[in-house]
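Per-entry structural report
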Amino acid sequence: MTIIEGKITGFTVHPLAFSDPPLINAAGVHEPLALRTLLRLEVGDVVAWGEGRGDALPADVVPALESALLGVDVFATSRIESVVDGVLRRLRPDLGAQARLITFSPIEVAALDAQGKLLGRPVSELLGGALRDKVDYSAYLFFKWPGHIGADEDEWGAALDADGIVAQAKQLIDRYGFGSIKLKAGALDPDLEVDAMLALADAFPGMPLRIDPNGAWRYETALRVARRLEGVLEYLEDPVLGTDGMSRLHAETGLPLATNMCVVETEHILPAVKSDAVQILLSDHHYWGGLRRTQALAAVCEATNIGVSMHSNSHLGVSLAAMTHVAAAIPNLAYACDTHFPWNRADDVVPEGGIDIVDGAVTVPTGPGLGVDVDLDRVAELQERFVRSGRTVRNDGDYMRRWDPAFTDARPRY
């Protein structure tokens with residue numbers, strides 16, 4: 001029997017900055033540039049990729065991570081996680097457990113990409129095999145300025161009322177064929193946001209609808225919204241902060257509640273289950289610690305009768321591929337996943353045609369590893385843009401305050 005080994009021979013971090021529209025949310029408004037981290041892992045002649053949050057691989061720990069991981073077997077992901085954890089505990093003792101998992105996640109994805117390329121198998125097979133050929137995603141709507149401060153109107157135009165939101169939904173559905181809709185709320189007056197949901201229900205009868213105010217509503221507001229939208233919503237996401245309020249709202253309304261805020265670490269699951277605060281958990285491999293931990297999380301949800309979907313933030317095609325592979329391998333994935341991909345695809349590092357949303361779904365890649373290529377010229381361009389920007393963190397609140405100096409992102413506020 002031939003045993004395939006693959007020692008890590010290269011570890012390179014590419015911080016990237018790419019274009020993002022002025023999408024309004026509870027924290028403020030998206031800045032012109034979104035930040036993301038791309039990891040290039042080399043195993044001999046094999047080049048593999050992982051993508052993470054902008055803060056996933058802090059520059060001050062990258063040299064130590066590289067030194068510690070060179071020579072480690074790329075198939076030994078538990079050992080890789082232990083090495084990463086040890087480096088972070090030594091150099092950044094201020095980081096909590098979740099922050100350490102955020103760092104490990106793109107490394108694990110790149111390791112699985114390398115494993116798949118060495119074996120000639122897609123990542124979904126390394127996760128036990130794809131249970132579906134395609135993964136459904138949802139149209140992700142935002143209230144939106146017509147363009148960034150001082151810039152011309154962009155291709156999407158403004159969406160500041162119900163008519164604008166319906167027009168935006170039609171744009172996204174015409175382009176990508178989505179079969180469900182999510183609206184990011186907590187941005188404007190809640191009654192205006194409810195009006196937008198009711199307009200969507202009229203414009204797209206029978207289509208599953210969701211709304212997410214990111215905990216910006218007080219309990220009384222959330223209760224009023226839930227009653228106005230009775231019979232309209234597939235589920236309501238993070239209407240209030242904390243499991244106590246979520247539990248109370250579900251008990252009073254019977255409406256299914258989803259979260260990516262009050263359950264973000266393993267220790268949060270049991271209190272949420274005991275109080276029946278959460279009926280759908282929005283997993284996210286970027287902060288749960290990779291694809292295999294996301295599978296384990298889904299198994300816990302199955303055992304506790306919690307539905308599973310997937311959370312998203314601004315991302316590129318490497319993340320979309322990783323999300324699709326793990327979603328395909330989760331038996332109890334019951335809802336279309338979130339994705340920001342349509343908002344960010346113009347600057348994608350995956351060449352056009354490498355991965356896309358068609359009829360509201362992404363076909364699970366069948367090539368080795370993640371099954372997508374990466375454009376090195378685009379990576380260099382986006383890394384240079386990151387350097388020129390001088391930015392290291394995203395700050396939606398500060399950007400909003402350039403428009404409205406009185407803005408506060410304190411929550412709840414409505």
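Structural data are supplied above this passage.
Below, the structure is looked at part by part. (Residues numbered from 1 in each chain as written. Predicted model: local features only at pLDDT ≥ 70, side-chain atom pairs only at ≥ 80, totals over all residues. Heavy atoms only, no water.)

1. Some points on empty space enclosed by the protein
- Going through the model one piece at a time under the given rule, you end up with one cavity of 30 Å³ or more.
- Approximately 40 Å³ is the volume attributed to the largest cavity.
- Together, Val263, Ile269, Ala272, Val278, Leu281 and Ile306 line the largest cavity.
- Of the residues that constitute the lining of the largest cavity, the class distribution is six nonpolar, no polar and no charged. (1 Å grid on protein atoms, 1.4 Å probe; cavity = no way out; pocket = protein on both sides within 12 Å on 5 of 7 lines; lining within 4 Å. Points joined across faces, edges and corners; volume = space filled by probe spheres on them. Nonpolar A, V, L, I, M, F, W, Y, C, P; charged D, E, K, R; others polar.)

2. Thoughts on helix 14 (residues 376-389)
- Here helix 14 is 14 residues long and its end C-alpha atoms lie 20 Å apart, about the 20 Å a rise of 1.5 Å per residue gives.
- The set of residues buried in helix 14 consists of Val379, Leu382, Arg385 and Phe386. Projection of helix 14 onto a plane perpendicular to its axis shows the buried side chains occupying an angular sector of 125°, all on one side. Of the exposed residues in helix 14, the ones pointing more than 90 degrees away from its buried face are Asp377, Val387 and Arg388.
- Elements that come into contact with the buried residues of helix 14 comprise strand 1 (10-19) and strand 4 (33-43).
- Residue aspartate 375 occupies the N-cap position of helix 14, its side-chain oxygen lying 2.9 Å from the main-chain nitrogen of aspartate 377.
- Of the residues flanking the end of helix 14, it is glycine 390, one or two places downstream, whose phi is positive at about 70°. (Helix = DSSP H or I, 4+ residues; strand = E, 2+ residues; numbered from the N terminus. Expected span 1.5 Å × (residues − 1). Buried < 20%, exposed > 50% of the residue type's maximum accessible area, 1.4 Å probe, protein only. Arc of directions from axis to C-beta. Contact = heavy atoms within 4.5 Å. Polar contact = N/O pair within 3.5 Å; in protein donor to acceptor, adjacent residues only side chain to side chain.)

3. Description of the sheet that holds strand 12 (residues 280-283)
- Spatially, seven strands are ordered 7-8-9-10-11-12-13 in an open sheet, and the strand pairing comes out parallel. Strands with a single pairing partner mark the edges of an open sheet, and in this sheet they are strand 7 (139-142) and strand 13 (307-310). Sheet twist, expressed as the mean angle between neighbouring strand axes with direction ignored, is 25°.
- Pairing analysis gives two bridges linking strand 10 (residues 235-237) to strand 11 (residues 257-259), with the strands arranged parallel. Note that in strand 11 the partner of leucine 236 across the bridge is leucine 257.
- This element, helix 5 (residues 162-176), spans strand 7 and strand 8 (181-184) of the sheet and lies at about 150° to strand 7.
- Here helix 8 (residues 243-253) sits on the sheet and contacts strand 10 and strand 11; the angle it forms with strand 11, its principal contact strand, is near 160°. (Pairing = 2+ DSSP bridges. Axes fitted to C-alpha atoms, helices over the stretch in contact; angles between N-to-C directions.)

4. Some details on the packing of helix 2 (residues 77-91) against helix 3 (residues 97-119)
- The geometry of helix 2 relative to helix 3 is characterised by a closest axis approach of 10 Å and an angle of 150° between their N-to-C directions. Relative to helix 3, helix 2 is oriented roughly antiparallel. Note on packing geometry: the crossing formed by helix 2 with helix 3 is right-handed. In this structure, helix 2 contributes Thr77, Ile80, Glu81, Val84, Asp85, Leu88 and Arg89 to the contact, and helix 3 contributes Arg100, Leu101, Thr103, Phe104, Ile107, Ala111 and Gln115.
- Looking at the contact of helix 2 with helix 3, its residues break down into seven nonpolar, three polar and four charged. (Parallel < 35°, antiparallel > 145°, perpendicular 65-115°, else oblique. Left-handed = near helix turned anticlockwise from the far one by under 90°.)

5. What about the pattern of salt bridges?
- Inspection of the entire model under this criterion finds 30 salt bridges.
- Linking glutamate 381 and arginine 385 is a salt bridge whose minimum nitrogen-to-oxygen distance equals 3.1 Å. Taken as a pair, glutamate 381 and arginine 385 lie in helix 14 at a separation of four residues, close to a single helical turn.
- The partner of aspartate 398 in a salt bridge is arginine 401, and the shortest N-O contact between them spans 3.0 Å. Pair noted here: aspartate 398 and arginine 401 are both in helix 15 (residues 396-403), with a separation of three residues, about one helical turn.
- Taking relative accessible area as the criterion, aspartate 398 reaches 41% and is therefore assigned partly exposed.
- Residue arginine 401 is classed as partly exposed on the basis of its relative accessible area, which comes to 28%.
- One network of salt bridges, in which partners are shared, links Lys182, Lys184, Arg210, Asp212, Glu234, Glu237 and Asp338. (Salt bridge = Lys/Arg side-chain N within 4 Å of Asp/Glu carboxyl O.)

6. Notes on unusual backbone geometry
- A cis geometry characterises the amide bond from arginine 411 onward to proline 412, with omega recorded as -5°.
- With respect to the helices, strands and loops of the structure, proline 412 is situated in the segment after helix 15.
- The backbone of asparagine 214 shows a phi angle near 50°, a positive value even though the residue is not glycine.
- Following the sequence through the fold, asparagine 214 ends up in the loop between strand 9 (209-212) and helix 7 (219-228).

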